Amino acid sequence: MAILQVENLTKTYGKGDTIVTALDDVSFSVEKGEFVAIVGASGSGKSTLMHLIGGVDRPDAGRVVVDGNEIYQSNESELAIFRRRNIGIVYQFYNLIPTLTAEENIMLPCLLDNRKADPAKLNTILDTIGLSDRAEHLPSELSGGQQQRVSIGRALINDPAIILADEPTGNLDSKASREVMDLLKLSNKRYNQTLLVITHDEKIALEADRIITLSDGQILRDEAVR
Amino acid sequence: MKLTTNLAKSQLKTNRRRTIWTLLGIVLSTTMITTVYGLVASSFALVETIWEGAALRAEYEAMLAGLGIILSVVIIISSIVVLSNAFRVSAKERTMQFGILKSVGATKKQIQETVVSESLLLAAVGIPMGIVLGLLIQLFGVTLINHFLLDLFQSARPGEDMGVRFVLSWQAMLLSIALAFATVLLSAWLPARKAAKIPAIDAIRSAGEVKVKKVRKSWLVGKVFGVEGTLAARSLRRSRRNFRATVVALSFSVALFITLGAFVSQMNQLTELTFVDVDANVVIRYHTNMSRVEDGAGGYYMEYTTVSPDLAETISRRFEAYTGTIPFGIGIDGWTYRVELPTEILSSEALEYLGGIGGDITADEQWFAVTLMTLDPVHYAMLAERAGVPLGSNILINHNRMHTPDGRRWEFEPLRFSGQTLELIPYEGGDTVRKLPLHAAIGMGEVPNEILYAGIQTVTVIVPELHAMHYIWNVTAEDPAAFFDYAWDVMTETDLREGGNWHVFNRQDEQEFISALIGLITTFVWGFVALLTLIYLTNIISTISANVQSRAQEFAVLQSVGMTYRGLGRMLGLESILSSVKSLFVGVPLGIAGAYFVHLAIRAAAQFAFQLPWGAIALSVVAVFALTWIVMHHAATRLRNRNIVDTIRAGSGV
């Protein structure tokens, strides 16, 4: 069964003459454990698609079904709860909470759920992202690559249905980029984690199982890699 | 236009809301300074009319000037706290801009200039507005004073032009402008200097990034309030400076509110306490001439002329002729004689009192000043009858009244009377001892109030005849105002051979005057508090909203990882509660201390107990919580309309 179904998704910005159609009747589905890269020029609608799947924006038309739940039928609070339990988001600029330590940032989706994170799970994640010795550090005390690994940890903590990564390596040097991609792929292989990565980078796209190319808000190509 | 001015202008336009609050702060400070100095100028004019050429005039003027200085210092300090914070926030917002400017070659001085220009632009608009508003308030205040007090002024000094005038004093105005300008400039210069010091590279790099020093884990807050509580506590600690400004402003307003609340309630208490419980509605007091005579041995005594019984009688008759009632006349001679009494004849209360003021109650004998009083013949006869002794007897008033340090009124019978004879020793020296046999004593409950209010001491004796140092006539008149004029005429016409001075008091007018005066003072005090609180309010609102706005991105991230809107509200609510608690912790004790100082000052006039101003405390607690909550909530509501995605992107600099 598909873990993600996107059906006839349409989103426009602006009004009248300045109207921009960011997504135009886009449909596709993703199976559990798939690693999908979404590529396209800037303005092609990648980020809009990503935000609609992540439940931080609302579409003008169409449906998004995650793990059997049609997410845009929920109200604002339900959507927030959906995000914390089912979606792991990784941003280009990490977006960690500056007052929380690395460990607390990772646990944040759990804490918001009024749950304590499973210590074994937390340790596994800290281990996997290679920051066991920096758990108590604040974001400002970590390098860009380390901060991005923390944000991947935050995305992983709740075993989400989907991890969405928006240009996760866009702000990193090549070594840190490599580490971050390895980490994402590891989660995909080891935990059968469904992964959607938006990227400009052809090399990164080629590591995916499947590449969806967007252009002017429509799917130009949808092809399996190798 | 210079580049720095241009940058300042664009900054003012960018953050319109804060610009308006800052401008309002400048207008209000200027208004208050102008009002204070304007009223001082008006009071100077009044003092000039009342004490024309009098020696006291300089003292009153000094007192008024002092009051003006104290008030303006409070205003200026408050304004600097508030305004410098506004400019600091504005400078901080532009850290990155300053970094870029520096990297293309701007000097420290030019960076400072941008911030200071911002203040100059605001001052150029705000100060004139403040001056105008201040003059209007001054005009309103003068009108208010005249409305309440003019009648009373005129009855006190008939025929004189006694109103308070609206004075347009250019000195006061120049002083106000200079002080307001200096305040604004200093407020901008302090943060400007700091902003200019940051090295270019740090400024560029640190923009948007928050430096957190050390995380102290507060598990208690986390346990009780959940992750929202942890986030709230952390962010308070992180932006300590931002919150400190809010906390300082809140604490100051709370402290001021409590202090002045206590002042007003103590003023009211004071009026109640000084209320004199006698029937007479017009009181005439006559004091003879007194002069200080050195005794040649380093000490001195008072030499005075006296009111003869004949003179007192003559005046009483004339009052009686007008009103048809007999005035209660009392002649008093205190401090002429003293007496040494065996300790054993003192009552236990008298001993307690003596011990309380540091007397040695183990000694065998105690010294007391003696107060001699004489009454008009009719009231003397009544008192003698009450005491059960014939006319011509000396009657001991065995009743003392005082206020304990904690403000209780304390009345007791000081002596154990057994027909003693007092040996009066004159203060002025010499060996002439006058023997004063006591024929009777009247104790508590039997002494007319007129006597009690005339100034009783431990040893007070009514004698049949006395050359008094001063004399009091308590008159009950049907028409007090008419009798007031009549008494005035009588005292003017009477040939007071010995000189001295006299006063006629219309007690009804007096009460009205006092309550009007207190009403007026209360109005001004609350006006002052209200304006000052308004200045603080501009700061509190702008800081809290700036704080919330600057964290918009952080909030959006929290939402994107699944914090609900309600959770966000809860976090902001907790932040407001925590900062309220903090400011109350500072403000309430400060206010109580202030209230106590007010109490000490008022206690110099009359003794009464210090009471904690619970009403003002409760009101300020409620107000602080309500205020911070409303402001945070309002700021958060504005965030709600923002798109999470846009906010995150904007914050990332994309």
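Everything below is about the structure printed above this text.
Report follows, based on the coordinates. Fair warning: this is a prediction, and the values are worked out from it, not measured in the lab.

Right, let's talk about a negative patch on the surface for a bit. Among the surface-exposed residues, Glu340(B), Glu344(B), Asp364(B) and Glu365(B) lie close enough to one another that they form a single negatively charged patch. Mapped onto the elements of the fold, Glu340(B) is located in strand β4 (residues 328-342).

Here we come to the interface of chain B and chain A. Counting residues at the interface gives 30 residues for chain B and 31 residues for chain A. Summed over both sides, the interface between chain B and chain A buries roughly 2800 Å², with carbon and sulfur atoms accounting for 60% of that surface. Our count for the contact surface shared by chain B and chain A stands at 0 salt bridges. Scanning the region where chain B abuts chain A turns up 3 residue pairs in polar contact (both at pLDDT 80 or more). Those elements giving two or more residues to the side of chain B that touches chain A turn out to be α8 (219-238), α16 (552-560) and α19 (644-652) of chain B. Per-class residue counts for the side of chain B that touches chain A are 14 nonpolar, 8 polar and 8 charged.

Moving on, we get to the nonpolar core. Residues Leu4(A), Phe28(A), Ile53(A), Ile162(A) and Leu196(A) are the most contacted members of the largest nonpolar core, which totals 95 residues. Sorting elements by how many residues they give to this core places helix α15 (residues 507-550) of chain B first, with 11 residues. Sequence-distant contacts of Phe28(A), that is, excluding residues within four places in its chain, are made with Leu4(A), Gln5(A), Val6(A), Leu49(A), Ile53(A), Arg210(A), Ile212(A), Ile219(A) and Asp222(A).

All names here are of chain A. Pairing within the open sheet is mixed, and its 6 strands lie in the order β6-β7-β8-β3-β9-β10. Each end of this open sheet is capped by a strand with a single partner; those strands are β6 (87-90) and β10 (218-224). Pairs of neighbouring strands in the sheet enclose a mean axial angle of 15°, with direction left out of account. Bridge count for strand β7 (residues 162-166) against strand β8 (residues 194-198) is 5 bridges, and the pairing is parallel. Paired with Leu164 across the bridge in β8 is Leu196. Along the sheet, helix α1 (residues 46-54) contacts β3 (35-39), β6, β7, β8 and β9 (210-215); its crossing angle with β7, the most-contacted strand, is approximately 150°.

Before going further, it helps to spend a moment on the sheet that holds strand β4 (residues 61-66) of chain A. Residue and element names in this part refer to chain A. If you walk across this open sheet you meet the 4 strands as β2-β1-β4-β5, and the pairing is antiparallel. At either margin of the open sheet sits one strand with a lone partner, and together these are β2 (20-31) and β5 (69-70). The pairing of strand β1 (residues 2-13) with β2 spans 8 bridges and is classified as antiparallel. Pairing of Leu4 across the sheet is with Val30, part of β2. Here α1 sits on the sheet in contact with β1, β2 and β4, set at roughly 125° to β1.

Parameters and conventions
- Residues numbered from 1 in each chain as written.
- Chains lettered and ligands numbered in written order.
- Predicted model: local features only at pLDDT ≥ 70, side-chain atom pairs only at ≥ 80, totals over all residues.
- Heavy atoms only, no water.
- Patch = residues over 30% accessible without salt bridge, like charges linked within 9 Å, V, L, I, M, F, W, Y side chains within 5 Å.
- Areas by Shrake-Rupley, 256 points an atom, 1.4 Å probe, with all protein chains shown as cover.
- Salt bridge = Lys/Arg side-chain N within 4 Å of Asp/Glu carboxyl O.
- Lys, Arg positive; Asp, Glu negative; His and termini not counted.
- Charge placed at Lys NZ, Arg CZ, Asp CG, Glu CD.
- Helix = DSSP H or I, 4+ residues; strand = E, 2+ residues; numbered from the N terminus.
- Contact = heavy atoms within 4.5 Å.
- Buried area = accessible area lost by both parts, 1.4 Å probe.
- Polar contact = N/O pair within 3.5 Å; in protein donor to acceptor, adjacent residues only side chain to side chain.
- Nonpolar A, V, L, I, M, F, W, Y, C, P; charged D, E, K, R; others polar.
- Core = buried A, V, L, I, M, F, W, Y, C linked by side-chain atoms within 4.5 Å.
- Buried < 20%, exposed > 50% of the residue type's maximum accessible area, 1.4 Å probe, protein only.
- Pairing = 2+ DSSP bridges.
- Axes fitted to C-alpha atoms, helices over the stretch in contact; angles between N-to-C directions.

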